[in-house]
Amino acid sequence: WGFNTRALLVHSSGRGRRIKVWERALCYLVRAEALLDMDAPRRALTELHPAKELLQRGREGWPVEVLKRIEEADTRFNLKKAENDELRTQRENAKVPVTVITGFLGSGKTTLLNRILQEQHGKRLAVIENEFGEVGIDSTLVEQAERTTETVVEMNNGCICCTLR
């Protein structure tokens, strides 16, 4: 995908000339703009970066419209990147973390669960407790610690699918 510095541009008259630095930068820029239009800012950066490097070598002789296009593409890249970062953050915050607590009888599972429920951490929680016995012991301890209006569904020796139906 790179450009040879000795590349020639052939005119309709048949004469050739070397490609100017700003023309090479324009090739990178066109690809970067196309990738930005396809909502691929990270990939566009791989095309925009060489154009900006060529620009840093010197602006002398560069057309004003090419300079403006590079600035606009850079601005678009930064806006798209910020927008995508915001969307990524929203998606991450919308997820509910899942933790499975297991252990032997008396190992502190209910104590840990009550501690998690009592903390003010600002996270959404869903608690699914599967009691392995005829009588649910832990569900009453969890209900006492839980200060919410949410519905508590108790499962005794069953699966959640059958319990919630």
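Residues numbered from 1 in each chain as written. Predicted model: local features only at pLDDT ≥ 70, side-chain atom pairs only at ≥ 80, totals over all residues. Heavy atoms only, no water.

## Quick word on the pattern of salt bridges
One pass over the structure, following the stated rule, counts 9 salt bridges. Of the charged contacts, one joins E47 and R31 as a salt bridge, the two residues approaching to 2.9 Å between their closest N and O atoms. On the criterion of sequence distance, the pair formed by E47 in helix 2 (residues 41–57) and R31 in helix 1 (residues 21–37) is long-range, its members being 16 residues apart. The two residues E47 and R31 agree in class, both being buried. One salt bridge connects D37 with R76, and the closest N-O pair in it is separated by 2.5 Å. (Salt bridge = Lys/Arg side-chain N within 4 Å of Asp/Glu carboxyl O. Helix = DSSP H or I, 4+ residues; strand = E, 2+ residues; numbered from the N terminus. Buried < 20%, exposed > 50% of the residue type's maximum accessible area, 1.4 Å probe, protein only.)

## Comments concerning the confidence of the model for the protein
Of the residues in the protein, 70% have a pLDDT of 70 or more, and the chain-wide mean is 78. Per-element confidence in the protein is highest for helix 3 (residues 64–94), whose mean pLDDT is 92, and lowest for strand 1 (residues 8–10), whose mean pLDDT is 59. (pLDDT = per-residue confidence, 0-100.)

## Some thoughts on the packing of helix 1 against helix 3
Where helix 1 meets helix 3, the axes come as close as 10 Å, and the angle between the chain directions of the two elements is 30 degrees. As summarised for this structure, helix 1 and helix 3 are arranged roughly parallel, according to the angle between their axes. Where helix 1 crosses over helix 3, the handedness of that crossing is left-handed. Contacts from W22, L26, L29, V30, E33, L36 and D37 in helix 1 reach V66, R69, I70, A73, R76, F77 and K80 in helix 3. (Axes fitted to C-alpha atoms, helices over the stretch in contact; angles between N-to-C directions. Parallel < 35°, antiparallel > 145°, perpendicular 65-115°, else oblique. Left-handed = near helix turned anticlockwise from the far one by under 90°. Contact = heavy atoms within 4.5 Å.)

## Notes on the nonpolar core
Counting 18 residues, the largest nonpolar core has L48, W62 and I70 as its most contacted members. Elements with a minimum of two residues in this core: helix 1, helix 2 and helix 3. Considering each element in turn, this core owes the most residues, 7 residues, to helix 1. Leaving out residues up to four positions away in the same chain, I70 has contacts with L29, A51, K52, L55 and W62. (Core = buried A, V, L, I, M, F, W, Y, C linked by side-chain atoms within 4.5 Å.)

## With respect to the environment of P41
Note on placement: P41 falls in helix 2. Judged by relative accessible area, P41 falls into the buried class, the value being 5%. Counting along the chain gives 40 residues from P41 to K81, while the straight-line C-alpha distance between them is 6.2 Å. Among all residues touching P41, those that are not within four sequence positions of it are L36, F77, K80, K81 and N84.

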